[in-house]
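Residue-level structure breakdown
Here is what each chain is made of, one letter per residue.
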Amino acid sequence: MTDPIAALSADQNAKLDRFAAELVRMNKHVNLVAPTTLREGELERVHLKHSLALSTKAFPPEAVVVDWGAGGGLPTIPLAIAFPETQFVAVDAVGKKMEAVRTFARRLGLPNLGVWIGRAEAYDGPAPHYCVSRATAPLADLWAWTERVLTPLAEPPSPEAEDVWQPGLLTLKGGNLDEEVAAMHEAHPGLTTSRTYLKALLGPGYPSKMILEVRPEA
Ligand SMILES: C[S@@+](CC[C@H](N)C(=O)[O-])C[C@H]1O[C@@H](n2cnc3c(N)ncnc32)[C@H](O)[C@@H]1O
């Protein structure tokens, strides 16, 4: 098991704390996350550590990562803090949420985080090498949005690399996904998926949560 927050530097931890405080404050004005998830202790487990499950392997510094349906900046803000040299783009159809994320990025000092307001289906911002997402849409839709814009890295990680994400779609999902995965394969043949269960990665606070990776078959 690993604690992705403990792996951050003091400066990154300070930014994560500031994000937590800003999220609590902003949520009183803009509905970004369920208020019950902002209770003491819950915020770290439900939002910060959960997002940082995606920091247990690296994103290359030269990569562009798009977060479909980023809402209040999850998982993209914790990831932009953890990988300051990687470019992140928060995408959401709700302008108020993206204005909140823009404000967070400015207050936290995250020049590597941009926002794009609009429907993911029409995204025409910086071309991503990776897409991430949490709680936004079924896998078949997430892959359709990803496939349209995904761009190969100039120097992709070796397929054997265990400490870097392989390019593709990385989603934070939970529950029984068999039907959702089957629907994606039916709509988009030729894909491969892999699951990393978060109870093994982060501990027992994540009973049915996982990272589900999707990419074209090699
Ligand atoms: C349940 S919220 C999750 C927000 C954030 N990812 C999180 O985990 O807290 C889903 C978000 O996806 C956005 N969304 C859903 N479908 C979308 C689409 N087709 N294009 C852009 N944004 C979309 C919604 O506006 C909403 O902010």
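Chains are numbered independently. Their residues run from 1 in the order of the written sequence. Per-residue local features of the predicted model are confined to residues with pLDDT of at least 70, and side-chain atom pairs are confined, for both listing and counting, to 80 or more; whole-chain, interface and lining totals are unaffected and use all residues.

For each residue, a C-beta atom is placed from the backbone, and the residue counts as near a molecule or strand when that atom lies within 6 Å of it. Neighbouring residues of the ligand: 18 residues in total, closest Gly69, Gly71, Ala93, Ala120 and Arg134. Residue classes follow a fixed rule: Ala, Val, Leu, Ile, Met, Phe, Trp, Tyr, Cys and Pro count as nonpolar, while Asp, Glu, Lys and Arg count as charged, and any other residue, Gly among them, counts as polar. When the residues that make up the shell around the ligand are grouped by side-chain class, the tally is nine nonpolar, four polar and five charged.

Quick look at the pairing of strand S4 (residues 130-134) now. Counting buried positions over the five residues of S4 gives five, a clear majority of the element. Here the C-beta atoms are placed from the backbone, and a residue counts as buried if at least 20 other C-beta atoms lie within 10 Å of its own, exposed if 12 or fewer do, and partly exposed otherwise. Only runs of H or I of at least four residues qualify as helices and only runs of E of at least two qualify as strands under DSSP, and these elements are numbered from the N terminus. Taking every second residue as pointing to the same face, both faces of S4 are buried, with Tyr130, Val132 and Arg134 on one and Cys131 and Ser133 on the other. Here strand S1 (residues 64-68) pairs with S4 via four bridges, running parallel. Bridging across to S4, valine 65 finds its partner in tyrosine 130. Two strands are said to pair when DSSP picks up at least two bridges between them.

The next thing to look at is helix H5 (residues 139-149). Helical geometry: 3.6 residues make up each α-helical turn, so side chains three or four residues apart lie on a common side. Every buried residue of H5 is listed here: Leu139, Leu142, Trp143, Trp145 and Thr146. Seen along its axis, H5 keeps its buried residues to an arc of 160°; they face one direction. A pair of residues counts as a contact when their C-beta atoms, built from backbone coordinates, are separated by no more than 7 Å. Of the surrounding elements, those touching the buried residues of H5 are S1, S4, strand S5 (168-174), helix H6 (178-187), strand S6 (191-197) and strand S7 (209-216). The directions considered for the arc run from the helix axis to the C-beta atoms.

Further remarks concern the UniProt feature "binding site: S-adenosyl-L-methionine" (unreviewed entry) in the protein chain. Within this numbering scheme, the UniProt entry marks Gly69, Leu74, Ala120, Glu121 and Arg134 as carrying the feature "binding site: S-adenosyl-L-methionine" (unreviewed entry). Topologically, glycine 69 is positioned in the loop between S1 and helix H3 (76-82). Not counting residues up to four positions away in its chain, the partners in contact with glycine 69 are Val91, Asp92, Ala120, Ser133, Thr136 and Ala137. UniProt positions are given in the numbering used here, feature names are shortened, and annotations may be inferred rather than shown by experiment.

So, about the sheet that holds S6. Read across the open sheet, the seven strands follow the order S3-S2-S1-S4-S5-S7-S6; overall the sheet is mixed. The open sheet has two edge strands with one neighbour each: strand S3 (113-117) and S6. Strand-to-strand, the axes of this sheet are offset by a mean angle of 20°, without reference to chain direction. Sheet analysis places strand S2 (residues 87-92) next to S3, joined by five bridges and oriented parallel. Bridge pairing in S3 places aspartate 92 opposite isoleucine 117. Here an angle of 0 to 180 degrees is reported between the N-to-C directions of two axes, which are lines fitted to C-alpha atoms, with helices fitted over the stretch in contact.

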